Amino acid sequence: MPPGPDPVTRSWASAAVRRFAAVTNLLVAARRFRIVGGDPRDASALHGLLTGLGARPAADHEPIDQLWCLGSPEDSTPVIEREADRPRGATLIVIDAGRHLPAVDEDAFGPVVTARPGVLGVPMLSDDVFLVSTGRDPEDDPAADARLRWARRSMPVSRAVAAELRDGGLLRGTRIGVAMFLEPKTAVLSLLLRDAGAEVVVYAHADETDDAVAASLRAAGLTVHASSTASLPEQKALALAMLDSRPHILLDDGSHVIRLAHQERPDLLPTMLGAAEETTSGLRPLRVMASRGELGIPVVAVNDARTKTFFDNRYGTGQSTVFAVLDLVDGLPSGTHRVQPGGAAVVAGFGHVGEGVALVLSALGFRVTVAETDPVRALQALFAGHAVAPLAEAVQDADLVVSATGVADTIDLRVLRSCADGAVVAVAGGVDHEVALDDARAAGAGLRPVGPKAERLVFPDSEGGPIVLDRGGCINITAAEGNPIEIMDLSFAAQLGAVRMLLERGDELERAVVPIDPAVDDATARTALAAFGTRPVPPGLPAEHPADREPDVRTRRFGDPA
């Protein structure tokens, strides 16, 4: 087996891919790429990382989505010009990943314009070609409008579903409350709903609010109840103000506003068509409420849609969480932490989120150990090539610990005490108190800041301790821009499908957590396949079972049953 890249080259490749993702908020998996020029060892390391993350090298006859330029402008310019000849709407991202010097001459293609901070458009070359430099800091965009335009461009599936709702006139006269992380992608969802005929009211928690995006929505005429500086009582007042607008449908993330409606505004429930919930952790309490007969509206389980869980939870949260963690770690002073290329990482939980986190960590060269209490999932982790061990044991030698369970107190007091000095602890997705910091403080531990969104947890009997990121918050949201745009495009298309369900059948649905219509998944996936440049298989029965004939299920192993 050939040796892998040296640690320095591996770090360079990791930093280049993470910078691309941070600047564009785009996905690596499922994209077709080509690498141009550069040292063969650099190209090999980058190729291995991209394929490990789920991208694939484009065949010679295929169009490409991402062109990674490593050599000189003389190498890259003719390739860029050739690849720019493409169908309208087929986006090409050109990434200048020159390790020591720029690999792309931005002036070679005429005047450039800012498409989004860190992303340049080259309109004289093509409206669909964009340049990204992994060695330059992006510009600020205080107005956020460019980020919204960029997100909308990369959400073809949601646009298509919203257009169907608009053309059918189903949303006219409907008020929809959107209670999600307020960033460009959810802003686009809110605007698509508005453009399709709905009245839209938005709420977001303070730590999930991008004030510039909120301002853009207000400028577009939407009512927004959100502020990044709101205190806890103020957040409750903002959420209640959204509920007091009496929405017919709620789109929630974590089911906090759905539950608040039951606790504080029960008179609202009989007037509602229902709600949709898009997280695993949000569905858990709703299912408990339903089992007790306490759920007053139908809630569509968007999280359980295959086009959500298989992609958002695995590829979206996996990429965005690990990249956000390592970006924060890169900003810490040298010597404060243990994280290094090829180091040891522990993933708590091996559901879809844990699978994704482990996949990305492995692609980046980490040795991954999974701690999972479900024996079947633990066996799955073993078959995926990971070590498996109890959590308190696994963390003792870990450089990085990521909780991916969505269960409170996963990283409990015993686990925190077991972590090595300088180990970094973070949460993927998550719920409140997934890291038991309250218990640690009750045991006398203190938190000492060591960098942005990073604090060392020090127990009374120790000088060192683990570094906890963002106090155990949902790190891909609070320290980054959330999941990649294409991933949220799938999830929001499922949300829009849930809206259609509630509009058409809300009065008939049981007051419970109800599954999403399988037809929503099928339609979403077919539209997404087309958007990713793949021809979907036509719907219908397999060829051996013509549509006009019932399948013959009789066995022929023992002769002709006739």
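Residues numbered from 1 in each chain as written. Predicted model: local features only at pLDDT ≥ 70, side-chain atom pairs only at ≥ 80, totals over all residues. Heavy atoms only, no water.

Colleague: How should I be thinking about the overall build of the protein in this particular structure?
Modeller: Along the backbone of the protein there are 19 helices and 22 strands. By the compact-globule yardstick of 24 Å for 562 residues, the protein fits well, its C-alpha radius of gyration being 24 Å. Projected onto its principal axes, the C-alpha coordinates of the protein cover approximately 70 × 65 × 65 Å. The proportion of buried residues among the 562 residues of the protein is 54%. Sequence separation of 24 or more characterises 70% of the internal contacts of the protein that already satisfy a separation of 6 or more. Per element, the accessible surface of the protein, about 24,400 Å² overall, is 52% carbon and sulfur. Taking the average location of the 54 positive side-chain charges in the protein and that of its 76 negative ones, the two points are 3 Å from each other. (Helix = DSSP H or I, 4+ residues; strand = E, 2+ residues; numbered from the N terminus. Rg over C-alpha atoms; globule rule 2.2 N^0.38 Å. Buried < 20%, exposed > 50% of the residue type's maximum accessible area, 1.4 Å probe, protein only. Contact = heavy atoms within 4.5 Å. Areas by Shrake-Rupley, 256 points an atom, 1.4 Å probe, with all protein chains shown as cover. Lys, Arg positive; Asp, Glu negative; His and termini not counted. Charge placed at Lys NZ, Arg CZ, Asp CG, Glu CD.)

Colleague: Would you explain a negative patch on the surface in this entry?
Modeller: Taken together, the side chains of Glu74, Asp75, Asp105 and Asp107 define an acidic patch exposed on the protein surface. Looking at the element boundaries, glutamate 74 is found in helix α3 (residues 73-83). (Patch = residues over 30% accessible without salt bridge, like charges linked within 9 Å, V, L, I, M, F, W, Y side chains within 5 Å. Salt bridge = Lys/Arg side-chain N within 4 Å of Asp/Glu carboxyl O.)

Colleague: Can you help me understand the environment of phenylalanine 311 in this one?
Modeller: With respect to the helices, strands and loops of the structure, phenylalanine 311 is situated in helix α11 (residues 306-330). Sequence-wise, phenylalanine 311 and methionine 488 are 177 residues apart; in three dimensions their C-alpha atoms are separated by 9.1 Å. Look past the residues within four positions of phenylalanine 311 in its chain and what remains in contact with it is Arg306, Gly316, Ile487 and Leu490.

Colleague: When you look at the sheet that holds strand β5 (residues 113-116) in this model, what are you seeing that I'm missing?
Modeller: Each strand in a sheet pairs with another by means of backbone hydrogen bonds, the pair being arranged parallel or else antiparallel. Ordered in space as β2-β1-β3-β4-β7-β6-β5, the 7 strands form an open sheet in which the pairing is mixed. Two strands close off the open sheet at either side, each with one partner strand: β2 (56-57) and β5. Along the sheet, helix α1 (residues 7-24) makes contact with β3 (66-69), β4 (92-96), β5, β6 (119-122) and β7 (126-133), crossing β3 at roughly 135 degrees. Sheet contacts for helix α2 (residues 40-52): β1 (32-36), β2 and β3; angle to β1, the most-contacted strand, approximately 170 degrees. (Pairing = 2+ DSSP bridges. Axes fitted to C-alpha atoms, helices over the stretch in contact; angles between N-to-C directions.)

Colleague: What is the right way to read the pattern of salt bridges from this model?
Modeller: A side chain of one charge can pair with a side chain of the opposite charge if their charged atoms are brought near each other. On inspection of all chains with the given rule, the structure shows 40 salt bridges. A salt bridge links aspartate 195 to arginine 194; the nearest nitrogen and oxygen atoms lie 2.7 Å apart. Each of Arg31, Arg32, Asp65 and Glu486 takes part in salt bridges that share partners, so that together they form one network.

Colleague: Can you help me understand the pairing of β7 in this one?
Modeller: Two faces, one strand: in a regular strand the side chains alternate between the faces of the sheet. Buried residues dominate β7, accounting for 7 of its 8 residues. Direction of pairing for β6 relative to β7: antiparallel, over a ladder of 4 bridges. Its bridge partner lying in β7, valine 119 is registered against valine 132.

Colleague: Mind showing me how you'd approach unusual backbone geometry here?
Modeller: Despite not being glycine, alanine 30 has its phi angle at roughly 75 degrees, a positive value. Checked against the element boundaries, alanine 30 lands in the loop between α1 and β1. Located in the positive-phi region is aspartate 470, a residue other than glycine, with phi close to 50 degrees. Locating aspartate 470 in the fold gives a position in the loop between β21 (467-469) and α17 (475-478). Taking relative accessible area as the criterion, aspartate 470 reaches 18% and is therefore assigned buried.

Colleague: I'm lost on the environment of isoleucine 467 in this one. Help?
Modeller: As for its placement among the helices and strands, isoleucine 467 is situated in strand β21. Note on isoleucine 467: relative accessible area 0%, which makes it buried. The spacing of isoleucine 467 and arginine 31 is 436 residues in sequence and 34 Å in space, taken between C-alpha atoms. If near-sequence neighbours (up to four positions away) are discounted, isoleucine 467 is found in contact with Leu332, Thr336, His337, Gly422, Ala423, Val424, Val425, Val450, Ala454, Glu455 and Arg456.

Colleague: I'm lost on the packing of aromatic side chains in this one. Help?
Modeller: Centre distance and the angle of the planes are the two values used to describe a pair of aromatic rings. Within the structure shown, the criterion is met by 3 aromatic pairs. For the ring pair phenylalanine 20 and tryptophan 68, a centre distance of 5.5 Å and an interplane angle of 65 degrees mean the geometry is edge-to-face. Placement of the pair is phenylalanine 20 in helix α1 and tryptophan 68 in strand β3, with a sequence separation of 48 residues. Overall, the relative accessible area of 0% leaves phenylalanine 20 in the buried class. The buried category is assigned to tryptophan 68, whose relative accessible area is 0%. (Phe/Tyr/Trp six-rings, centres within 6.5 Å; stacked < 30°, edge-to-face > 60°.)

Colleague: Looking at this structure, how should I read a nonpolar patch on the surface?
Modeller: Taken together, the side chains of Leu379, Leu382, Phe383 and Val388 make up a nonpolar region of the molecular surface, amounting to roughly 420 Å² of accessible area. The element that contributes the greatest number of residues to the nonpolar patch is helix α13 (residues 375-383), accounting for 3 residues. Checked against the element boundaries, phenylalanine 383 lands in helix α13. Classification of phenylalanine 383 as exposed rests on a relative accessible area of 72%.

Colleague: Please clarify how the nonpolar core should be interpreted in this entry.
Modeller: In this structure, Trp68 and Leu251 are the most contacted members of the largest nonpolar core, which totals 117 residues. Core analysis: the next-biggest nonpolar cluster, separate from the first, contains 24 residues, Met272, Leu283, Leu286 and Val513 among them. (Core = buried A, V, L, I, M, F, W, Y, C linked by side-chain atoms within 4.5 Å.)

Colleague: Would you explain the sheet that holds strand β20 (residues 454-458) in this entry?
Modeller: Reading across from one edge, β16-β15-β14-β17-β18-β21-β20-β19 is the order of the 8 strands in this open sheet, with mixed pairing throughout. The outermost strands of the open sheet, each flanked by one partner alone, are β16 (387-388) and β19 (446-451). Running at roughly 170 degrees to strand β14 (residues 344-348), helix α12 (residues 352-363) makes contact with β14, β15 (367-371) and β17 (400-403) of the sheet.

Colleague: Even after reading the chapter, I still don't get the side chain of threonine 524, so can you show me in this structure?
Modeller: Residue placement: threonine 524 occurs in helix α19 (residues 518-531). Threonine 524 sits in the buried class, given a relative accessible area of 2%. Among residues more than four places away in sequence, those in contact with threonine 524 are Val157, Thr307, Leu490, Ala493 and Ala494.

Colleague: Could you clarify how one ought to interpret α11 in this entry?
Modeller: Side chains that are three or four residues apart share a direction in an α-helix, a result of its 3.6 residues per turn. Under the 1.5 Å per step criterion, the end-to-end length of α11 is 35 Å for 25 residues, consistent within 8% with the ideal 36 Å. Taken as a whole, α11 carries its principal kink of about 40 degrees at aspartate 312. With 19 of 25 residues buried, α11 lies mostly within the body of the structure. (Expected span 1.5 Å × (residues − 1). Bend = angle between axes of the 7 residues up to and from the residue.)

Colleague: Help me understand the environment of histidine 256, please; the structure alone is not making it clear to me.
Modeller: On the secondary structure map, histidine 256 appears in helix α9 (residues 256-264). One polar contact links histidine 256 to arginine 259, side chain to side chain, over a distance of 3.4 Å. (Polar contact = N/O pair within 3.5 Å; in protein donor to acceptor, adjacent residues only side chain to side chain.)

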